[in-house]
Amino acid sequence: MSLDPQTLLVVSVTNLLALAVLLPVIMGKRLSPAARAARLSLIVHAGAWIAVILSEQVAPDWANRLLSTLSMAGYGTSHWLLFRALSEWLGERAGGRLLGGLAIALPIGYLLLFDSYSARVGWANLLIALQLAILCYATLRPRSALRGSWRFALLTCFATMGVLTLARGVLGAFYPELYPNFAAPHPVNVASLLVANVAMVLANVSLLVAWREEAELRLEALVLTDPLTTLLNRRGWEKHGERTFALARRHNQPLALLSFDLDHFKAINDQRGHEAGDAALRLFGKLLHSQQRQEDVVARIGGEEFCALLPLAGNAATQRYDARLRRLLADMAPAELGYPLDFSTGLACLESGDTTLEDLRRRSDAALYRAKAAGRGQLSE
Ligand SMILES: Nc1nc2c(ncn2[C@@H]2O[C@H](COP(=O)(O)OP(=O)(O)OP(=O)(O)O)[C@@H](O)[C@H]2O)c(=O)[nH]1
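The chain is annotated in an unreviewed UniProt entry as diguanylate cyclase of Azonexus hydrophilus. In its Catalytic activity (unreviewed entry) section, the UniProt record describing the chain reads: "2 GTP = 3',3'-c-di-GMP + 2 diphosphate".

Shown next as structure tokens:
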């Protein structure tokens, strides 16, 4: 069996074109920015390969220069788009500016060095290999919420392609007689084209899996979120609250639970309508959001009942937190709703007898009941 580069090249481009045409159809129009960037990267990559093949076929020198420079711009841009997709999926990544700079320098340097085959091939492959190295690092660090094994498949693609691209650059720069053109039958070139084929399929499968994982996470967030206030709902409260509770108990750390209930809320609904009731709930939710620290668990448990679980907060700090909320609501409600709004609070701090979050909640609910009985608009312990 012999593998000739020309055939491998045609197979690669056919595969890439099929994916570039099929993926937009399969993925549809409503895409996240990450999925859109990944898909565009594939299309630009396909364009770059076509430009390379055409550049080998055209006779005029200017057309050859133009097409091969365009293909370099395409490779650089498609890697930059992949980086954008990874940054969206995995969070802020290092090296974006450098990778973008390489995407710009790649075609410019290639055009300037065009008259020297060794220089332009060395330059282009070195810069592409650098881009792939940055992409390798971006799939791994820092860790992120998306934890799928697709990242390791992608890393394998970037790493193998990076090494082979570098090897091709060394051949072109220092041994041009062994690698006189893109379809040269040198083993490194044959291996590069073969791996490019596999990597292309593997990378695209990985990106599709990333897209699915993103959708799963979004769905999970929706299931745990109250749509009116965008705070956690009861399910979210149980999931995050129980974890925070277990952590505080294990490390014997302070933990405070505040149960809030808007006062005379039924009267707002009855006298001003359900829409006005919703606006009041939204305002209180906004207020809780504005005071939330990263480690706090804040939720709308149901109707006009809210809970805030504050790790490392002692009794005095929690009372100050409640007073601050009360002051802010007193200022904001007349301005934003057109009438005053108040709430009652029950406070319970973690004690050794609390073995579950529900134990703590029962005590804060009892305290809330006392606050209501004592005339509302106040905090009880
Ligand atoms: N607008 C609106 N109203 C809701 C929502 N969920 C529950 N409610 C209403 O909230 C009201 C709660 O009434 P009550 O439990 O009597 O409480 P309250 O009037 O605040 O009385 P106190 O708590 O004793 O001050 C009911 O009328 C519910 O219909 C919601 O999502 N939107």
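Among the structural elements, Gly 375 can be located in the loop between helix H12 (357–373) and strand E5 (379–380). What makes Gly 375 exposed here is its relative accessible area of 52%. A sequence separation of 31 residues divides Gly 375 from Ser 344, and the C-alpha atoms of the two residues are 8.9 Å apart.

It is the contact of helix H3 (residues 61–90) with helix H4 (residues 96–112), at a shortest axis distance of 8 Å, that shows an interaxial angle of 175°. Regarding the angle of H3 to H4, the classification is roughly antiparallel. In this structure, H3 uses Arg 65, Ser 68, Thr 69, Met 72, Ala 73, Gly 76, Thr 77, His 79, Trp 80 and Phe 83 to contact H4, whose residues at the interface are Gly 96, Leu 99, Gly 100, Ala 103, Leu 106, Pro 107, Tyr 110 and Leu 111. Here the contact of H3 with H4 is composed, by residue class, of 10 nonpolar, seven polar and one charged.

Pairing within the open sheet is mixed, and its five strands lie in the order E2-E3-E1-E4-E5. Pairing within the sheet leaves two strands with one partner each, and these edge strands are strand E2 (297–302) and E5. Pairing between strand E1 (residues 255–262) and strand E4 (residues 343–349): seven bridges, direction antiparallel. Bridge pairing links Phe 260 to Thr 345 in E4. Strand contacts of helix H8 (residues 234–250): E1, E2 and strand E3 (305–311), with the helix running at about 140° to E2, the strand carrying the most contacts.

Conventions adopted
Residues numbered from 1 in each chain as written. Predicted model: local features only at pLDDT ≥ 70, side-chain atom pairs only at ≥ 80, totals over all residues. Heavy atoms only, no water. UniProt positions renumbered as here; feature names shortened; annotations may be inferred. Helix = DSSP H or I, 4+ residues; strand = E, 2+ residues; numbered from the N terminus. Buried < 20%, exposed > 50% of the residue type's maximum accessible area, 1.4 Å probe, protein only. Axes fitted to C-alpha atoms, helices over the stretch in contact; angles between N-to-C directions. Parallel < 35°, antiparallel > 145°, perpendicular 65-115°, else oblique. Contact = heavy atoms within 4.5 Å. Nonpolar A, V, L, I, M, F, W, Y, C, P; charged D, E, K, R; others polar. Pairing = 2+ DSSP bridges.

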